[in-house]
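Commentary on secondary and tertiary structure
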Amino acid sequence: AFYDEFSKFFKEGVCTDFAHQKDIMKLLRFDTSTTTDSSSPLSSLDEYISRMQPEQGDKIYYLVTSSRQAAEASAYMEVFRKRNLEVVYCYQEIDDFVMQNAGTYEGKQLV
């Protein structure tokens, strides 16, 4: 669909167009640990923030991985599951660069 076709351009924009970085980041969509299956819609960072647990503080957690299966099998996920915290899954090579380049979103640290 549209997002699949143009997501890499949005992500490139986050890293190159600093004047519009915040607006472009609103367009990004990700799979998350709360998605139940592949037919569930991708989530925006704003939607993620709306579901954050109070004890999560000011952190948006993300995991760069090759697939959902690899993410769910990752030892890193054990801590998040125990604390019932949602994690953004990043599958594209550019995602880690995007998250590090942005650093924060809506006052929340991308970690």
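Note that the coordinates shown come from a computational prediction; the quantities given were computed from them, not determined experimentally. (Residues numbered from 1 in each chain as written. Predicted model: local features only at pLDDT ≥ 70, side-chain atom pairs only at ≥ 80, totals over all residues. Heavy atoms only, no water.)

A short note on the state of the cysteines
- In the structure shown here, the tally under the stated rule is zero disulfides.
- Left unpaired, Cys-15 is separated from the closest cysteine sulfur, that of Cys-90, by 12 Å.
- Exposure remark for Cys-15: the relative accessible area of 8% places this residue in the buried category. (Disulfide = S-S within 2.5 Å. Buried < 20%, exposed > 50% of the residue type's maximum accessible area, 1.4 Å probe, protein only.)

Observations concerning the environment of Gln-69
- Counting through the fold element by element, Gln-69 comes out in helix H4 (residues 68–73).
- Residue classification places Gln-69 among the exposed positions, given a relative accessible area of 59%.
- Separated by 22 residues in sequence, Gln-69 and Tyr-91 place their C-alpha atoms 11 Å apart. (Helix = DSSP H or I, 4+ residues; strand = E, 2+ residues; numbered from the N terminus.)

Considerations on the nonpolar core
- Counting residues in each nonpolar core, the largest one holds 28 residues, and the members touching the most others are Met-25, Leu-28, Val-88 and Leu-110.
- Of all elements in the fold, only helix H1 (2–16), helix H2 (21–25), helix H3 (45–50), strand S3 (62–64), helix H5 (77–83), strand S4 (88–90) and helix H6 (93–102) reach the threshold of two or more residues within this core.
- Sort the elements by how many residues they give to this core and H1 lands first, with four residues.
- Those residues in contact with Met-25 that sit more than four places away from it in its chain are Val-14, Leu-45, Ala-102, Thr-104, Tyr-105 and Leu-110. (Core = buried A, V, L, I, M, F, W, Y, C linked by side-chain atoms within 4.5 Å. Contact = heavy atoms within 4.5 Å.)

Let's talk about H6
- Those residues of H6 that sit buried are Asp-95, Val-98, Met-99 and Ala-102. Within H6, the buried residues cover an arc of 95 degrees as seen down the axis, which keeps them to one side. Within H6, the exposed residues directed more than 90 degrees away from the buried face are Glu-93, Phe-97 and Gln-100.
- In this structure, the buried side of H6 is in contact with H1, H2, S3, S4, strand S5 (104–105) and strand S6 (108–110).
- Positive backbone phi, at 75 degrees, marks Gly-103, one or two positions downstream of H6. (Arc of directions from axis to C-beta.)

Let's talk about the pattern of salt bridges
- Within the structure shown, the criterion is met by eight salt bridges.
- Close ionic contact of Asp-31 with Arg-68 constitutes a salt bridge, the shortest N to O distance being 3.0 Å. Taken together, the positions of Asp-31 in strand S1 (residues 31–32) and Arg-68 in helix H4 put the pair 37 residues apart, joining distant regions of the chain. As far as burial versus exposure is concerned, Asp-31 and Arg-68 are alike and both buried.
- Residue Glu-72 is joined to Arg-68 by a salt bridge in which the shortest nitrogen-to-oxygen separation is 2.9 Å. Within this pair, Glu-72 and its partner Arg-68 are both found in helix H4, separated by four residues, close to a single helical turn.
- The structure contains a network of salt bridges with shared partners spanning Lys-22, Lys-26, Asp-46 and Glu-106. (Salt bridge = Lys/Arg side-chain N within 4 Å of Asp/Glu carboxyl O.)

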